[in-house]
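Coordinate analysis (summary)
These are the residues of each chain, in order.
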Amino acid sequence: MILNHLFHFGPLDAVALLWLFVGWWVVGRVIERPPAGKPSVSVLMRDFRKAWMVEFVTRSPRIFDGNIIGSLRQGTTFFVSATMLSIGGGIALIGNADQLSGLARDLAQAEAPAGVWEIKILVILLFVVDAFLKFVWAHRLFGYCAILMAAVPNDPEHPAALPRAAQAAEVNIQAAKNFNAGLRSVYFSLGALPWLLGSVPLLISATATIYVLWRREFASQSRMVMMRHLPGTEG
């Protein structure tokens, strides 16, 4: 049983693992619900998605908008396939943990039973599985958004035009929210890989992952560009 190998982990392993999961949860919450006056890139993009659907109502033809949705779905499909392959690879590693433990011992210079490496791989797989589920749902939501966009009347003066466009925008926002959550889980799955080398590498990797996500959402050049002219500030 895997649980019988838990005593092989030390206090620093527990601290590093807790830091990894707490960081994953806190970063996701702060990005989706940032402090007032300090919006994340993900939150800023919500307004741009709403503005997109307002412009969509009066755009003719709407081929450009259809291409964007198609591109978003293709990107999501890629990550669905990639995470599915990763899950299969992780399960295969668990089935050959003896071989993996030999390689891991060479890297970490430490003796440990195969069950220890299985637990470490399972932690990585937890993030990958979460990412897979988020990507699958995001792909479906982008499909719903495409249908809602198709239901928007071609006449901008039609009373249902703007309300349906607003519905499409909200579904699009939810799709992007799930897609971004999936990407964060991919980041943290990569951040969990150094645990194969030990608890200290995991601490360093988890901290680096948290920093990279924070910087891209709150201190990136792309965020500065978006902040220059936000939707609704025209005039």
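Structure: see above.
To keep things clear, this report deals only with the structure shown in the data block. Computed from a predicted structure; not experimentally measured.

**Some remarks on the overall build of the chain**
For the chain, the helix and strand inventory stands at 8 helices and 0 strands. If you list the helices and strands of the chain from N to C, you get α-α-α-α-α-α-α-α. Per-residue burial for the chain yields a buried fraction of 40% across its 235 residues. Put simply, of all contacts in the chain between residues at least 6 apart along the chain, 77% involve residues at least 24 apart. On the chain, roughly 13000 Å² of surface is accessible, and the fraction owed to carbon and sulfur atoms is 66%.

**Topic: helix α7 (residues 199-218)**
In a regular helix each residue adds 1.5 Å, so 20 residues correspond to 28 Å; α7 covers 28 Å between its end C-alpha atoms and thus fits that length. Among the residues of α7, S199, L202, S205, A206, T209, I210, L213, E217 and F218 are the ones counted as buried. Residues of α7 that are buried in the fold lie against α1 (11-32), α2 (41-58), α6 (161-192) and α8 (221-228).

**Thoughts on the packing of aromatic side chains**
Under the counting rule described, the total for this entry stands at 9 aromatic pairs. Pairing F127 with F188 gives two aromatic rings, centres 6.1 Å apart and planes at 25 degrees, and the pair type is stacked. In this pair, F127 sits in helix α5 (residues 114-150) while F188 sits in helix α6, placing the two residues 61 residues apart along the sequence. On the basis of relative accessible area, F127 is assigned to the buried category, the value being 2%. Residue class for F188 comes out buried when judged on its relative accessible area of 0%. Feature note: the residues F21, W24, F127 and F188 constitute an aromatic cluster, connected by ring pairs.

**Considerations on the pattern of salt bridges**
As enumerated under the stated definition, the model contains 5 salt bridges in all. Notably, a salt bridge pairs R184 with E32, separated by 3.6 Å at the nearest N-O pair. One end of the pair, R184, is in helix α6; the other, E32, is in helix α1, with 152 residues separating them in the sequence. Residue R184 shares its accessibility class with E32, and that shared class is buried. D65 is the partner of R59 in a salt bridge, and the nearest nitrogen-oxygen pair spans 2.7 Å. By relative accessible area, which is 27% here, R59 ends up partly exposed. Overlapping salt bridges, with partners in common, bring together E32, R46 and R184 in one network.

Scoring rules and cut-offs
Residues numbered from 1 in each chain as written. Predicted model: local features only at pLDDT ≥ 70, side-chain atom pairs only at ≥ 80, totals over all residues. Heavy atoms only, no water. Helix = DSSP H or I, 4+ residues; strand = E, 2+ residues; numbered from the N terminus. Buried < 20%, exposed > 50% of the residue type's maximum accessible area, 1.4 Å probe, protein only. Contact = heavy atoms within 4.5 Å. Areas by Shrake-Rupley, 256 points an atom, 1.4 Å probe, with all protein chains shown as cover. Expected span 1.5 Å × (residues − 1). Phe/Tyr/Trp six-rings, centres within 6.5 Å; stacked < 30°, edge-to-face > 60°. Salt bridge = Lys/Arg side-chain N within 4 Å of Asp/Glu carboxyl O.

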